[in-house]
Amino acid sequence: MKVAILGGSFNPLHIGHCMLAETVVRELHYDKVLFVPLFIAPHKEMNALVSAEERFAMVDAFCKSAGVDGRCYFEAEACEIERMGTSYTYDTLLYIIKKYGDSLEGKPAFIMGQETAAQFHKWHKAEDIARLADLITARRHPDNNGVDVSLFENKALRGYTNEFVGDDFEKDFKYPHIMLENPVLPVSSTEIRSRMANGKAFRYLVPEVVFQYIISHNLYGVKSE
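Residues numbered from 1 in each chain as written. Predicted model: local features only at pLDDT ≥ 70, side-chain atom pairs only at ≥ 80, totals over all residues. Heavy atoms only, no water.

## Description of the overall build of the chain
Then, in step 1: Along the backbone of the chain there are eight helices and eight strands.
Then, in step 2: Counting over 225 residues, the chain shows a buried share of 50%.
Then, in step 3: Across the chain, every contact between residues at least 6 apart in sequence was considered, and the portion connecting residues at least 24 apart equals 78%.
Then, in step 4: Of the roughly 11000 Å² of accessible surface on the chain, a fraction of 50% belongs to carbon and sulfur atoms. (Helix = DSSP H or I, 4+ residues; strand = E, 2+ residues; numbered from the N terminus. Buried < 20%, exposed > 50% of the residue type's maximum accessible area, 1.4 Å probe, protein only. Contact = heavy atoms within 4.5 Å. Areas by Shrake-Rupley, 256 points an atom, 1.4 Å probe, with all protein chains shown as cover.)

## A look at the packing of aromatic side chains
Then, in step 1: Scanning all chains against the criterion turns up ten aromatic pairs.
Then, in step 2: Both rings, one in Phe 110 and one in Trp 123, keep their centres 5.7 Å apart while their planes meet at 75°; by these two values the pair is edge-to-face. Pair noted here: Phe 110 is in strand 5 (residues 109-113) and Trp 123 is in the loop between helix 5 (114-117) and helix 6 (126-132), with a separation of 13 residues, a long-range link.
Then, in step 3: Here Trp 123 falls in the buried class, since its relative accessible area comes to 15%.
Then, in step 4: Here Phe 202 and Phe 211 contribute two aromatic rings whose centre-to-centre distance is 5.4 Å and whose plane-to-plane angle is 50°, an arrangement assigned as tilted. Here Phe 202 and Phe 211 have matching classes, each one buried.
Then, in step 5: Across from the ring centre of Tyr 30, 4.4 Å away, lies the NZ or CZ of Lys 2, which sits over that ring. (Phe/Tyr/Trp six-rings, centres within 6.5 Å; stacked < 30°, edge-to-face > 60°. Lys NZ or Arg CZ within 6 Å of the ring centre and 35° of its normal.)

## Comments concerning unusual backbone geometry
Note: most peptide bonds trans; most residues except glycine with negative phi.
Then, in step 1: The linkage connecting Asn 11 with the following residue, Pro 12, adopts the cis geometry, with an omega of 5°.
Then, in step 2: At Met 84, a position not held by glycine, the phi torsion is positive, near 60°.
Then, in step 3: The residue Tyr 220 is not glycine, and still its phi comes out positive at about 60°.

## With respect to the environment of Met 1
Then, in step 1: With respect to the helices and strands, the residue Met 1 is situated in the segment before strand 1 (3-8).
Then, in step 2: Accessibility expressed as a relative area gives 30% for Met 1, which makes it partly exposed.
Then, in step 3: Residues Met 1 and Asp 31 lie 30 residues apart in sequence; the distance between their C-alpha atoms is 5.9 Å.
Then, in step 4: Apart from residues no more than four positions distant in its own chain, Met 1 is found in contact with Asp 31, Lys 32, Tyr 100, Ser 103, Leu 104 and Glu 105.

Right, here's the structure in full:
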């Protein structure tokens with residue numbers, strides 16, 4: 001079984017995450033994409049944080065509702081939340097390799113956006129991650145559709161930045177990787193948090209089950225109508 005890992009805060013999960021996972025399944029022929037919500041990010045202070053359990057619940061609801069060609073290729077993985085503390089990809093890779101054991105076909109893949117890949121060399125045990133996993137880099141879009149997100153951005157820590165990069169980042173990215181030809185959807189969790197806080201439309205920027213969960217649990221200050 002070919003397994004790919006898509007980690008992140010998922011605060012909240014949005015259609016860009018979903019489309020990225022489907023592209024990995026359809027175009028790179030992976031059998032399963034594991035959505036892994038982090039517990040504590042090592043390189044950023046998260047803004048507008050709902051509980052880790054609520055972030056996982058939104059991801060889990062989506063994974064259970066989604067499918068491609070009648071099959072469910074997505075699964076929510078709670079290992080980083082259950083492990084608690086700072087979430088390191090290296091630890092998650094060791095866990096996934098042990099969990100799936102001999103059923104794994106080759107190495108697990110790790111999916112990251114261009115802006116993440118540009119700073120990958122700063123990560124905890126980056127060389128070991130590159131050895132243990134096949135790296136997949138995805139194109140990202142820096143635009144926030146004219147929405148002011150300044151109050152809703154995550155704060156970068158420990159020498160990291162929030163800057164987006166263009167395709168030319170690859171010339172400096174020394175690790176073997178696959179550049180995914182994914183559709184670039186101009187949406188981010190930061191923009192969605194801003195939209196929710198300011199009463200702007202956001203419903204169709206997230207999967208329907210995530211929208212319903214946010215409304216029913218009054219997350220991010222959004223009230224049910």
